[in-house]
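# Residue-level structural notes
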Amino acid sequence: MPPSVAWFRRDLRLSDNPALLAAAADGPVLPLFVLDPALWRPAGPARRCYLTASLRSLDAAVGGLTLLEGDPVRRVVEAARAVGAERVHVAADFGPHGARRDAAVERALGEAGIALVRTGSPYAVAPGRLRTGGGTAYQVFTPYHRAWADHGWRAPAGDPADVEWLRPDRSAALPDVEPPAGMTLPEAGEEAAHARWQEFLDRVADYDDERDRPDLDTTSRMSVHLKWGEIHPRTMLADLAPLRSAGAAAYRRELAWRDFFADVLHARPETARAYLRPAFAGMRYDEPGAAYDAWRAGRTGFPVVDAGMRQLRATGWMHNRVRMVVASFLVKDLHVEWQHGARHFLHWLVDGDLASNQQNWQWAAGSGAEAAPYFRVFNPTSQGRKFDPDGTYVRRWVPELAEVTDPHDPSPDDRERSGYPAPVVDHAAERREALARWEEIR
Ligand SMILES: Cc1cc2nc3c(=O)[nH]c(=O)nc-3n(C[C@H](O)[C@H](O)[C@H](O)COP(=O)(O)OP(=O)(O)OC[C@H]3O[C@@H](n4cnc5c(N)ncnc54)[C@H](O)[C@@H]3O)c2cc1C
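Please read all numbers here as calculations on a predicted model, not as lab measurements.

This part takes up the overall build of the protein chain. Counting its secondary structure elements, the protein chain contains 20 helices and five strands. A principal-axis box enclosing the C-alpha atoms of the protein chain has dimensions of 75 × 50 × 45 Å. Taking the contacts inside the protein chain whose residues are at least 6 apart along the sequence as the reference set, 79% of them involve residues at least 24 apart. Counting every atom, the protein chain has about 18900 Å² of accessible surface; 50% of that belongs to carbon and sulfur. For the protein chain, the distance from the average position of its 55 positive side-chain charges to the average position of its 61 negative side-chain charges is 4 Å.

What follows is the structure, given as C-alpha coordinates:
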(Lines give C-alpha, C1' and ligand atoms only; values in the text may rest on other atoms or scores of the structure.)
Protein backbone atom coordinates (compact mmCIF):
# COMPACT_ATOMS: atom_id res chain seq x y z
CA MET A 1 0.00 0.00 0.00
CA PRO A 2 1.39 3.45 -0.86
CA PRO A 3 2.25 5.71 2.08
CA SER A 4 0.26 8.85 2.64
CA VAL A 5 0.71 12.09 4.54
CA ALA A 6 -1.40 13.22 7.50
CA TRP A 7 -0.88 16.97 7.48
CA PHE A 8 -1.83 18.29 10.94
CA ARG A 9 -2.83 21.94 11.27
CA ARG A 10 -5.33 22.75 13.99
CA ASP A 11 -6.25 19.15 14.74
CA LEU A 12 -3.39 18.15 17.04
CA ARG A 13 -4.85 14.86 18.24
CA LEU A 14 -5.05 11.19 17.31
CA SER A 15 -8.51 10.22 18.55
CA ASP A 16 -11.72 11.17 16.72
CA ASN A 17 -9.67 12.42 13.79
CA PRO A 18 -11.36 11.28 10.54
CA ALA A 19 -8.60 12.71 8.33
CA LEU A 20 -6.02 10.62 10.17
CA LEU A 21 -8.19 7.50 9.88
CA ALA A 22 -8.48 8.14 6.14
CA ALA A 23 -4.68 8.43 5.91
CA ALA A 24 -4.17 5.23 7.91
CA ALA A 25 -6.59 3.39 5.62
CA ASP A 26 -4.24 4.21 2.70
CA GLY A 27 -1.15 2.63 4.27
CA PRO A 28 1.86 3.88 6.27
CA VAL A 29 1.43 7.49 7.44
CA LEU A 30 3.89 10.37 7.54
CA PRO A 31 2.69 12.71 10.31
CA LEU A 32 3.53 16.24 9.16
CA PHE A 33 3.29 19.71 10.60
CA VAL A 34 4.45 22.79 8.69
CA LEU A 35 5.43 25.89 10.65
CA ASP A 36 4.08 28.52 8.29
CA PRO A 37 5.68 31.95 8.87
CA ALA A 38 2.46 33.58 7.66
CA LEU A 39 0.68 32.14 10.72
CA TRP A 40 3.59 31.95 13.15
CA ARG A 41 4.49 35.63 12.92
CA PRO A 42 1.10 37.07 13.92
CA ALA A 43 0.35 34.28 16.42
CA GLY A 44 1.60 36.21 19.46
CA PRO A 45 3.83 34.86 22.21
CA ALA A 46 1.17 32.90 24.15
CA ARG A 47 -0.11 30.96 21.15
CA ARG A 48 3.39 30.25 19.87
CA CYS A 49 4.40 28.86 23.23
CA TYR A 50 1.24 26.77 23.55
CA LEU A 51 1.50 25.47 19.98
CA THR A 52 5.05 24.22 20.48
CA ALA A 53 4.00 22.46 23.69
CA SER A 54 1.08 20.84 21.89
CA LEU A 55 3.33 19.77 19.01
CA ARG A 56 5.74 18.22 21.51
CA SER A 57 2.90 16.16 22.86
CA LEU A 58 1.83 15.08 19.36
CA ASP A 59 5.45 14.29 18.50
CA ALA A 60 5.63 11.92 21.47
CA ALA A 61 2.29 10.32 20.57
CA VAL A 62 3.35 9.46 17.01
CA GLY A 63 6.95 8.63 17.92
CA GLY A 64 8.39 11.37 15.71
CA LEU A 65 6.55 14.14 13.92
CA THR A 66 8.01 15.53 10.71
CA LEU A 67 8.23 19.26 11.28
CA LEU A 68 9.03 21.51 8.34
CA GLU A 69 9.31 25.26 8.25
CA GLY A 70 8.27 27.48 5.35
CA ASP A 71 5.55 27.98 2.79
CA PRO A 72 3.23 24.94 2.91
CA VAL A 73 2.83 25.10 -0.88
CA ARG A 74 6.45 23.95 -1.21
CA ARG A 75 6.93 22.02 2.00
CA VAL A 76 3.88 19.75 1.74
CA VAL A 77 4.73 18.79 -1.84
CA GLU A 78 8.34 18.06 -0.84
CA ALA A 79 7.27 15.91 2.10
CA ALA A 80 4.72 13.95 0.04
CA ARG A 81 7.21 13.36 -2.77
CA ALA A 82 9.95 12.28 -0.37
CA VAL A 83 7.89 9.34 0.89
CA GLY A 84 6.20 8.59 -2.45
CA ALA A 85 2.73 9.49 -1.15
CA GLU A 86 -0.21 9.61 -3.52
CA ARG A 87 -2.49 11.43 -1.09
CA VAL A 88 -2.20 14.12 1.56
CA HIS A 89 -4.98 14.01 4.15
CA VAL A 90 -6.28 17.05 6.03
CA ALA A 91 -9.33 18.29 7.90
CA ALA A 92 -10.91 21.05 5.81
CA ASP A 93 -9.97 24.57 6.87
CA PHE A 94 -12.78 27.11 6.44
CA GLY A 95 -10.90 30.22 7.58
CA PRO A 96 -10.04 32.84 4.92
CA HIS A 97 -6.29 32.19 5.05
CA GLY A 98 -6.53 28.42 5.44
CA ALA A 99 -8.97 27.98 2.57
CA ARG A 100 -6.73 30.01 0.22
CA ARG A 101 -3.61 28.17 1.38
CA ASP A 102 -5.25 24.77 0.88
CA ALA A 103 -6.40 25.67 -2.63
CA ALA A 104 -2.80 26.65 -3.50
CA VAL A 105 -1.37 23.48 -1.93
CA GLU A 106 -3.96 21.40 -3.77
CA ARG A 107 -2.89 22.89 -7.11
CA ALA A 108 0.80 22.32 -6.39
CA LEU A 109 0.18 18.74 -5.27
CA GLY A 110 -1.99 18.15 -8.36
CA GLU A 111 0.93 19.12 -10.61
CA ALA A 112 2.96 16.40 -8.87
CA GLY A 113 0.13 13.87 -9.34
CA ILE A 114 -0.74 13.87 -5.63
CA ALA A 115 -4.26 14.44 -4.27
CA LEU A 116 -5.25 16.62 -1.31
CA VAL A 117 -8.06 14.82 0.51
CA ARG A 118 -10.25 16.79 2.95
CA THR A 119 -12.09 14.73 5.58
CA GLY A 120 -14.01 16.41 8.39
CA SER A 121 -13.49 19.87 9.88
CA PRO A 122 -12.81 21.38 13.32
CA TYR A 123 -16.56 21.88 13.83
CA ALA A 124 -19.55 19.73 14.79
CA VAL A 125 -21.39 21.12 11.76
CA ALA A 126 -19.05 22.43 9.08
CA PRO A 127 -19.38 26.03 7.89
CA GLY A 128 -21.54 26.36 4.79
CA ARG A 129 -23.55 23.23 5.60
CA LEU A 130 -26.65 24.96 7.02
CA ARG A 131 -28.67 27.40 4.95
CA THR A 132 -31.83 29.42 5.59
CA GLY A 133 -34.99 28.67 3.61
CA GLY A 134 -33.83 31.41 1.21
CA GLY A 135 -30.56 29.55 0.61
CA THR A 136 -28.36 32.11 2.36
CA ALA A 137 -26.09 31.79 5.37
CA TYR A 138 -27.68 32.43 8.76
CA GLN A 139 -27.18 35.88 10.26
CA VAL A 140 -29.16 35.22 13.43
CA PHE A 141 -28.15 32.70 16.05
CA THR A 142 -31.52 31.35 17.26
CA PRO A 143 -32.67 29.87 13.91
CA TYR A 144 -29.09 28.74 13.23
CA HIS A 145 -29.06 26.94 16.57
CA ARG A 146 -32.36 25.22 15.77
CA ALA A 147 -31.09 24.10 12.34
CA TRP A 148 -27.77 23.02 13.93
CA ALA A 149 -29.51 20.82 16.51
CA ASP A 150 -31.84 19.36 13.86
CA HIS A 151 -28.95 18.63 11.50
CA GLY A 152 -26.92 16.84 14.17
CA TRP A 153 -23.42 15.43 13.80
CA ARG A 154 -21.69 12.12 13.32
CA ALA A 155 -20.63 9.92 16.22
CA PRO A 156 -16.96 10.31 17.22
CA ALA A 157 -14.64 8.61 14.76
CA GLY A 158 -12.77 6.59 17.37
CA ASP A 159 -9.06 5.91 17.82
CA PRO A 160 -6.72 4.87 15.03
CA ALA A 161 -5.49 1.30 15.54
CA ASP A 162 -2.05 0.04 14.52
CA VAL A 163 -0.98 3.02 12.44
CA GLU A 164 2.35 2.41 10.75
CA TRP A 165 4.02 5.80 11.33
CA LEU A 166 6.80 6.84 9.00
CA ARG A 167 9.69 8.37 10.92
CA PRO A 168 11.02 11.73 9.78
CA ASP A 169 13.80 11.64 7.27
CA ARG A 170 14.55 15.24 8.00
CA SER A 171 12.77 17.51 10.40
CA ALA A 172 13.23 20.98 11.84
CA ALA A 173 13.75 21.16 15.59
CA LEU A 174 10.76 22.39 17.52
CA PRO A 175 11.56 25.94 18.60
CA ASP A 176 11.92 26.49 22.33
CA VAL A 177 9.40 29.17 23.16
CA GLU A 178 9.23 30.48 26.70
CA PRO A 179 5.89 31.85 27.85
CA PRO A 180 5.84 35.65 27.97
CA ALA A 181 7.24 37.00 31.24
CA GLY A 182 4.78 36.55 34.08
CA MET A 183 2.37 34.40 32.05
CA THR A 184 1.27 30.92 33.10
CA LEU A 185 -0.26 28.81 30.33
CA PRO A 186 -2.45 25.72 30.62
CA GLU A 187 -1.03 22.28 29.95
CA ALA A 188 -1.12 21.45 26.24
CA GLY A 189 -1.86 18.28 24.30
CA GLU A 190 -4.56 15.72 23.69
CA GLU A 191 -4.21 14.05 27.06
CA ALA A 192 -4.48 17.37 28.91
CA ALA A 193 -7.56 18.27 26.83
CA HIS A 194 -9.33 15.03 27.75
CA ALA A 195 -8.35 15.33 31.40
CA ARG A 196 -9.76 18.84 31.60
CA TRP A 197 -12.93 17.81 29.79
CA GLN A 198 -13.54 14.85 32.11
CA GLU A 199 -12.95 17.06 35.12
CA PHE A 200 -15.44 19.64 33.77
CA LEU A 201 -18.10 17.01 32.94
CA ASP A 202 -18.44 16.28 36.65
CA ARG A 203 -19.67 19.84 37.20
CA VAL A 204 -21.36 20.69 33.90
CA ALA A 205 -24.78 20.59 35.62
CA ASP A 206 -23.92 23.90 37.33
CA TYR A 207 -22.68 25.54 34.14
CA ASP A 208 -25.90 27.38 33.33
CA ASP A 209 -26.05 29.09 36.73
CA GLU A 210 -22.39 29.91 37.07
CA ARG A 211 -21.01 30.61 33.61
CA ASP A 212 -21.42 34.39 33.89
CA ARG A 213 -19.49 34.61 37.16
CA PRO A 214 -15.80 35.40 36.68
CA ASP A 215 -15.29 35.20 40.45
CA LEU A 216 -16.41 31.54 40.54
CA ASP A 217 -14.25 30.67 37.54
CA THR A 218 -16.16 27.48 36.78
CA THR A 219 -16.32 27.57 32.98
CA SER A 220 -14.69 24.68 31.15
CA ARG A 221 -11.51 26.39 29.85
CA MET A 222 -11.84 24.15 26.81
CA SER A 223 -11.44 26.99 24.29
CA VAL A 224 -7.69 26.54 23.96
CA HIS A 225 -8.02 22.78 23.42
CA LEU A 226 -10.75 23.37 20.82
CA LYS A 227 -8.68 26.06 19.14
CA TRP A 228 -5.86 23.59 18.49
CA GLY A 229 -8.12 20.60 17.90
CA GLU A 230 -6.68 18.60 20.81
CA ILE A 231 -10.24 17.38 21.20
CA HIS A 232 -13.09 17.50 18.67
CA PRO A 233 -16.41 19.15 19.66
CA ARG A 234 -18.15 16.00 18.42
CA THR A 235 -16.45 13.99 21.18
CA MET A 236 -17.71 16.54 23.70
CA LEU A 237 -21.24 16.54 22.25
CA ALA A 238 -21.35 12.75 22.46
CA ASP A 239 -20.46 12.94 26.17
CA LEU A 240 -23.14 15.60 26.71
CA ALA A 241 -25.85 13.68 24.81
CA PRO A 242 -27.10 11.51 27.70
CA LEU A 243 -27.10 14.42 30.18
CA ARG A 244 -30.41 16.11 30.85
CA SER A 245 -29.30 19.06 33.00
CA ALA A 246 -29.85 22.71 32.05
CA GLY A 247 -26.07 23.05 32.36
CA ALA A 248 -25.44 20.45 29.67
CA ALA A 249 -27.99 22.12 27.36
CA ALA A 250 -26.38 25.54 27.94
CA TYR A 251 -22.94 24.12 27.19
CA ARG A 252 -24.16 22.54 23.95
CA ARG A 253 -25.50 25.93 22.96
CA GLU A 254 -22.08 27.53 23.50
CA LEU A 255 -20.54 24.98 21.16
CA ALA A 256 -23.20 26.02 18.64
CA TRP A 257 -22.02 29.66 18.97
CA ARG A 258 -18.55 28.50 18.00
CA ASP A 259 -19.91 26.80 14.87
CA PHE A 260 -22.18 29.77 14.13
CA PHE A 261 -19.36 32.33 14.14
CA ALA A 262 -17.24 30.08 11.90
CA ASP A 263 -20.21 29.86 9.53
CA VAL A 264 -20.64 33.66 9.52
CA LEU A 265 -16.95 34.21 8.74
CA HIS A 266 -17.01 31.55 6.05
CA ALA A 267 -19.98 33.26 4.35
CA ARG A 268 -18.45 36.74 4.75
CA PRO A 269 -14.65 36.30 4.91
CA GLU A 270 -14.08 40.06 4.58
CA THR A 271 -15.63 40.51 8.05
CA ALA A 272 -12.38 39.39 9.63
CA ARG A 273 -11.52 43.09 9.21
CA ALA A 274 -14.56 44.86 7.73
CA TYR A 275 -17.85 45.66 9.45
CA LEU A 276 -20.48 42.98 8.98
CA ARG A 277 -23.02 45.80 8.98
CA PRO A 278 -21.37 48.36 6.72
CA ALA A 279 -23.27 51.34 8.19
CA PHE A 280 -21.02 51.07 11.27
CA ALA A 281 -17.96 51.88 9.15
CA GLY A 282 -19.46 55.37 8.78
CA MET A 283 -19.64 56.02 12.53
CA ARG A 284 -17.31 58.59 14.09
CA TYR A 285 -14.53 56.87 16.05
CA ASP A 286 -11.49 58.19 17.92
CA GLU A 287 -7.92 57.29 17.10
CA PRO A 288 -6.45 55.02 19.78
CA GLY A 289 -4.46 57.23 22.19
CA ALA A 290 -3.59 57.39 25.89
CA ALA A 291 -6.92 55.91 27.05
CA TYR A 292 -6.41 52.96 24.67
CA ASP A 293 -2.95 52.41 26.16
CA ALA A 294 -4.51 52.46 29.64
CA TRP A 295 -7.07 49.88 28.46
CA ARG A 296 -4.33 47.59 27.18
CA ALA A 297 -2.33 47.96 30.37
CA GLY A 298 -5.31 47.38 32.69
CA ARG A 299 -5.14 50.91 34.13
CA THR A 300 -8.41 52.53 33.05
CA GLY A 301 -9.57 53.08 36.63
CA PHE A 302 -12.59 50.83 36.01
CA PRO A 303 -11.83 47.80 38.22
CA VAL A 304 -13.56 45.00 36.33
CA VAL A 305 -12.15 46.23 33.00
CA ASP A 306 -8.66 46.37 34.46
CA ALA A 307 -9.04 42.97 36.13
CA GLY A 308 -9.95 41.43 32.77
CA MET A 309 -7.13 43.07 30.86
CA ARG A 310 -4.63 41.96 33.50
CA GLN A 311 -6.03 38.41 33.54
CA LEU A 312 -5.45 38.35 29.79
CA ARG A 313 -1.80 39.35 30.18
CA ALA A 314 -1.18 36.94 33.05
CA THR A 315 -2.90 33.85 31.64
CA GLY A 316 -3.64 34.36 27.92
CA TRP A 317 -7.32 33.91 28.77
CA MET A 318 -10.17 36.09 30.02
CA HIS A 319 -13.59 35.12 31.30
CA ASN A 320 -16.31 35.51 28.63
CA ARG A 321 -18.46 37.97 30.60
CA VAL A 322 -15.41 40.18 31.16
CA ARG A 323 -14.40 39.91 27.46
CA MET A 324 -17.84 41.37 26.70
CA VAL A 325 -17.41 44.18 29.22
CA VAL A 326 -13.90 45.22 28.15
CA ALA A 327 -14.87 45.07 24.46
CA SER A 328 -17.94 47.24 25.06
CA PHE A 329 -15.81 49.65 27.09
CA LEU A 330 -13.27 50.08 24.30
CA VAL A 331 -15.86 50.69 21.61
CA LYS A 332 -18.55 52.61 23.50
CA ASP A 333 -16.67 54.41 26.28
CA LEU A 334 -13.43 55.08 24.43
CA HIS A 335 -14.99 55.18 20.91
CA VAL A 336 -12.13 53.14 19.47
CA GLU A 337 -12.90 50.82 16.54
CA TRP A 338 -13.28 47.15 17.42
CA GLN A 339 -10.45 46.07 15.11
CA HIS A 340 -7.87 47.60 17.46
CA GLY A 341 -9.23 45.63 20.40
CA ALA A 342 -9.54 42.45 18.37
CA ARG A 343 -5.89 42.75 17.35
CA HIS A 344 -4.78 43.16 20.96
CA PHE A 345 -6.85 40.13 21.95
CA LEU A 346 -5.41 38.01 19.13
CA HIS A 347 -1.91 38.98 20.18
CA TRP A 348 -2.34 37.79 23.78
CA LEU A 349 -5.10 35.16 23.78
CA VAL A 350 -3.92 31.58 23.91
CA ASP A 351 -7.34 30.56 22.52
CA GLY A 352 -7.23 33.38 19.94
CA ASP A 353 -9.36 32.26 17.03
CA LEU A 354 -10.15 34.48 14.06
CA ALA A 355 -13.82 33.50 13.69
CA SER A 356 -14.75 33.57 17.39
CA ASN A 357 -12.69 36.63 18.17
CA GLN A 358 -13.62 38.89 15.28
CA GLN A 359 -17.32 37.98 15.32
CA ASN A 360 -17.58 38.43 19.09
CA TRP A 361 -15.89 41.81 18.77
CA GLN A 362 -18.37 42.77 16.07
CA TRP A 363 -21.14 41.61 18.39
CA ALA A 364 -19.83 43.89 21.15
CA ALA A 365 -19.42 46.78 18.69
CA GLY A 366 -23.04 46.46 17.59
CA SER A 367 -22.00 45.71 14.01
CA GLY A 368 -22.09 41.92 14.05
CA ALA A 369 -24.43 39.01 13.46
CA GLU A 370 -27.25 39.30 15.96
CA ALA A 371 -25.31 42.08 17.65
CA ALA A 372 -26.21 43.47 21.02
CA PRO A 373 -28.53 46.42 20.38
CA TYR A 374 -26.22 49.42 20.22
CA PHE A 375 -28.16 51.45 22.78
CA ARG A 376 -27.52 48.79 25.42
CA VAL A 377 -24.23 50.10 26.76
CA PHE A 378 -22.64 48.08 29.56
CA ASN A 379 -21.98 50.05 32.72
CA PRO A 380 -18.64 48.56 33.82
CA THR A 381 -19.26 49.29 37.50
CA SER A 382 -22.69 47.67 37.67
CA GLN A 383 -21.50 44.75 35.51
CA GLY A 384 -18.74 44.22 38.07
CA ARG A 385 -21.13 44.37 41.00
CA LYS A 386 -23.59 42.00 39.33
CA PHE A 387 -21.21 39.30 38.17
CA ASP A 388 -18.48 39.62 40.80
CA PRO A 389 -20.66 40.44 43.80
CA ASP A 390 -18.00 40.07 46.49
CA GLY A 391 -15.27 41.62 44.39
CA THR A 392 -13.24 38.39 44.49
CA TYR A 393 -12.32 38.61 40.81
CA VAL A 394 -11.27 42.24 40.99
CA ARG A 395 -9.27 41.72 44.18
CA ARG A 396 -7.46 38.81 42.58
CA TRP A 397 -6.37 40.59 39.41
CA VAL A 398 -6.07 44.15 40.72
CA PRO A 399 -4.22 43.40 43.95
CA GLU A 400 -3.87 47.07 44.89
CA LEU A 401 -7.67 46.99 45.48
CA ALA A 402 -7.53 43.83 47.63
CA GLU A 403 -8.08 45.70 50.88
CA VAL A 404 -10.44 48.51 49.84
CA THR A 405 -14.04 48.58 51.04
CA ASP A 406 -15.67 48.73 47.62
CA PRO A 407 -13.36 47.26 44.99
CA HIS A 408 -15.89 47.97 42.21
CA ASP A 409 -16.02 51.68 42.95
CA PRO A 410 -13.04 52.65 45.09
CA SER A 411 -13.22 56.08 46.69
CA PRO A 412 -10.79 58.80 45.55
CA ASP A 413 -8.95 58.28 48.87
CA ASP A 414 -8.65 54.54 48.30
CA ARG A 415 -7.36 55.16 44.78
CA GLU A 416 -4.83 57.64 46.05
CA ARG A 417 -3.63 55.34 48.84
CA SER A 418 -3.38 52.23 46.68
CA GLY A 419 -1.90 53.88 43.59
CA TYR A 420 -4.94 52.82 41.55
CA PRO A 421 -5.76 55.33 38.79
CA ALA A 422 -8.80 57.62 38.60
CA PRO A 423 -11.29 56.65 35.86
CA VAL A 424 -9.96 57.63 32.41
CA VAL A 425 -13.45 58.72 31.33
CA ASP A 426 -16.82 59.63 32.79
CA HIS A 427 -18.94 56.61 31.86
CA ALA A 428 -22.29 58.48 31.85
CA ALA A 429 -20.94 61.18 29.55
CA GLU A 430 -19.31 58.69 27.17
CA ARG A 431 -22.48 56.64 27.04
CA ARG A 432 -24.37 59.74 25.87
CA GLU A 433 -21.60 60.44 23.35
CA ALA A 434 -21.75 56.86 21.99
CA LEU A 435 -25.51 57.09 21.53
CA ALA A 436 -25.20 60.49 19.82
CA ARG A 437 -22.67 59.05 17.35
CA TRP A 438 -24.93 56.07 16.76
CA GLU A 439 -27.90 58.40 16.03
CA GLU A 440 -25.82 59.92 13.23
CA ILE A 441 -25.67 56.62 11.33
CA ARG A 442 -29.12 55.22 12.08
C1 LIG B 1 -14.69 40.13 22.60
C2 LIG B 1 -14.64 38.61 22.64
C3 LIG B 1 -13.59 37.93 22.03
C4 LIG B 1 -13.55 36.53 22.06
N5 LIG B 1 -12.49 35.88 21.44
C6 LIG B 1 -12.47 34.51 21.42
C7 LIG B 1 -11.39 33.82 20.79
O8 LIG B 1 -10.48 34.41 20.22
N9 LIG B 1 -11.41 32.46 20.84
C10 LIG B 1 -12.41 31.76 21.47
O11 LIG B 1 -12.37 30.52 21.48
N12 LIG B 1 -13.44 32.40 22.04
C13 LIG B 1 -13.50 33.75 22.06
N14 LIG B 1 -14.54 34.39 22.68
C15 LIG B 1 -15.66 33.60 23.21
C16 LIG B 1 -15.57 33.18 24.68
O17 LIG B 1 -15.25 34.30 25.46
C18 LIG B 1 -14.55 32.09 24.92
O19 LIG B 1 -14.76 31.01 24.04
C20 LIG B 1 -14.66 31.55 26.33
O21 LIG B 1 -14.49 32.57 27.28
C22 LIG B 1 -13.61 30.46 26.54
O23 LIG B 1 -13.61 29.99 27.87
P24 LIG B 1 -14.21 28.57 28.23
O25 LIG B 1 -13.66 27.52 27.33
O26 LIG B 1 -14.05 28.38 29.70
O27 LIG B 1 -15.75 28.82 27.88
P28 LIG B 1 -17.04 27.99 28.27
O29 LIG B 1 -18.00 28.97 28.86
O30 LIG B 1 -16.72 26.80 29.06
O31 LIG B 1 -17.65 27.62 26.84
C32 LIG B 1 -17.42 26.37 26.21
C33 LIG B 1 -16.96 26.56 24.79
O34 LIG B 1 -18.01 27.14 24.01
C35 LIG B 1 -17.46 28.02 23.04
N36 LIG B 1 -17.94 29.38 23.29
C37 LIG B 1 -18.41 29.89 24.44
N38 LIG B 1 -18.80 31.17 24.26
C39 LIG B 1 -18.56 31.47 22.97
C40 LIG B 1 -18.74 32.64 22.19
N41 LIG B 1 -19.27 33.77 22.68
N42 LIG B 1 -18.36 32.60 20.89
C43 LIG B 1 -17.84 31.48 20.36
N44 LIG B 1 -17.65 30.34 21.04
C45 LIG B 1 -18.01 30.35 22.34
C46 LIG B 1 -15.95 27.97 23.23
O47 LIG B 1 -15.42 27.03 22.33
C48 LIG B 1 -15.80 27.51 24.67
O49 LIG B 1 -14.58 26.85 24.90
C50 LIG B 1 -14.59 35.80 22.68
C51 LIG B 1 -15.63 36.49 23.31
C52 LIG B 1 -15.66 37.89 23.29
C53 LIG B 1 -16.81 38.61 23.95
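Right, let's talk about the sheet that holds strand β3 (residues 66-69) for a bit. Pairing between the strands of a sheet is mediated by backbone hydrogen bonds and can be parallel or antiparallel. A sheet is described by the order of its strands in space; here five strands give the open sequence β3-β2-β1-β4-β5, paired in parallel fashion. Here the strands that pair on one side only, and so sit at the sheet edges, are β3 and β5 (115-118). With direction set aside, neighbouring strand axes in the sheet form an average angle of 30°. Two elements, strand β2 (residues 29-35) and β3, share four bridges in a ladder whose sense is parallel. Paired with L32 across the two strands is T66, which belongs to β3. Sheet strands touched by helix α3 (residues 44-62): β1 (4-8), β2 and β3. Its angle to β2, the strand with the most contacts, is close to 170°. Contacting β1, β2, β3 and β4 (87-90), helix α4 (residues 72-83) runs over the sheet at an angle of about 160° to β2.

One pass over the full model with this rule turns up 30 salt bridges. Between D212 and R321 there is a salt bridge, with its nearest N and O atoms 3.3 Å apart. Taken together, the positions of D212 in the loop between α8 (207-210) and α9 (223-227) and R321 in helix α14 (residues 320-333) put the pair 109 residues apart, joining distant regions of the chain. Overall, D212 belongs to the partly exposed group, its relative accessible area being 23%. We classify R321 as buried; its relative accessible area is 12%. For R310, the salt bridge identified is with E400, shortest N-O distance 3.0 Å.

The subject of this paragraph is the nonpolar core. Of all hydrophobic cores here, the largest spans 73 residues; its most connected members are F8, F33, W295, V305, F345 and W361. For this core, the leading source of residues is α14, giving eight residues. Each of domain 1 (4-121) and domain 3 (278-441) contributes no fewer than three residues to this core. One finds L201, M222, A248 and V264 within the second-largest nonpolar core, a separate group that totals 31 residues.

Next up on the list: the UniProt feature "domain: Photolyase/cryptochrome alpha/beta" (unreviewed entry) in the protein chain. Residues annotated in UniProt with the feature "domain: Photolyase/cryptochrome alpha/beta" (unreviewed entry) correspond here to residues 2-124. Overall, residues 2-124 shows 49% helix and 20% strand. The separation of its end C-alpha atoms is 31 Å.

For the rest of this paragraph, the subject is the packing of aromatic side chains. Within the structure shown, the criterion is met by 23 aromatic pairs. Look at F141 and F260: their rings are 5.6 Å apart centre to centre, the planes differ by 70°, and that puts the pair in the edge-to-face class. Residue F141 is found in helix α6 (residues 141-151), and its partner F260 is found in helix α11 (residues 246-267); the two are separated by 119 residues along the sequence. A relative accessible area of 0% means that F141 is categorised as buried. Measuring from ring centre to ring centre gives 5.9 Å for Y292 and W295, while their planes differ by 15°; the resulting arrangement is stacked. Here W295 and Y292 lie together in helix α12 (residues 290-297), a separation of three residues that amounts to about one turn. The buried category is assigned to W295, whose relative accessible area is 0%. Chaining the aromatic ring pairs together yields one cluster made of Y138, F141, Y144, W257, F260 and F261.

With that settled, the discussion passes to the domain arrangement of the protein chain. Domain annotation of the protein chain identifies domain 1 (4-121), domain 2 (123-153 + 190-267) and domain 3 (278-441). Across the boundary between the two partners, domain 2 contributes 23 residues, which contact 21 residues of domain 3. Taking both partners together, domain 2 and domain 3 bury about 2000 Å²; carbon and sulfur atoms supply 59% of that area. Looking only at domain 2, the three residues that lose the most surface to domain 3 are D212, P214 and F261, adding up to 31% of its buried area. The interface formed by domain 2 and domain 3 holds five residue pairs in polar contact (both at pLDDT 80 or more) in total. When contributions to the side of domain 2 that touches domain 3 are tallied by element, the ones reaching two or more residues are α6, α9 and α11. Sort the elements by how many residues they give to the side of domain 2 that touches domain 3 and α11 lands first, with seven residues. Taken together, the residues that form the side of domain 2 that touches domain 3 break down as 11 nonpolar, four polar and eight charged.

Parameters at a glance
- Residues numbered from 1 in each chain as written.
- Predicted model: local features only at pLDDT ≥ 70, side-chain atom pairs only at ≥ 80, totals over all residues.
- Heavy atoms only, no water.
- Helix = DSSP H or I, 4+ residues; strand = E, 2+ residues; numbered from the N terminus.
- Contact = heavy atoms within 4.5 Å.
- Areas by Shrake-Rupley, 256 points an atom, 1.4 Å probe, with all protein chains shown as cover.
- Lys, Arg positive; Asp, Glu negative; His and termini not counted.
- Charge placed at Lys NZ, Arg CZ, Asp CG, Glu CD.
- Pairing = 2+ DSSP bridges.
- Axes fitted to C-alpha atoms, helices over the stretch in contact; angles between N-to-C directions.
- Salt bridge = Lys/Arg side-chain N within 4 Å of Asp/Glu carboxyl O.
- Buried < 20%, exposed > 50% of the residue type's maximum accessible area, 1.4 Å probe, protein only.
- Core = buried A, V, L, I, M, F, W, Y, C linked by side-chain atoms within 4.5 Å.
- Domains from an automatic or database assignment.
- UniProt positions renumbered as here; feature names shortened; annotations may be inferred.
- Phe/Tyr/Trp six-rings, centres within 6.5 Å; stacked < 30°, edge-to-face > 60°.
- Buried area = accessible area lost by both parts, 1.4 Å probe.
- Polar contact = N/O pair within 3.5 Å; in protein donor to acceptor, adjacent residues only side chain to side chain.
- Nonpolar A, V, L, I, M, F, W, Y, C, P; charged D, E, K, R; others polar.

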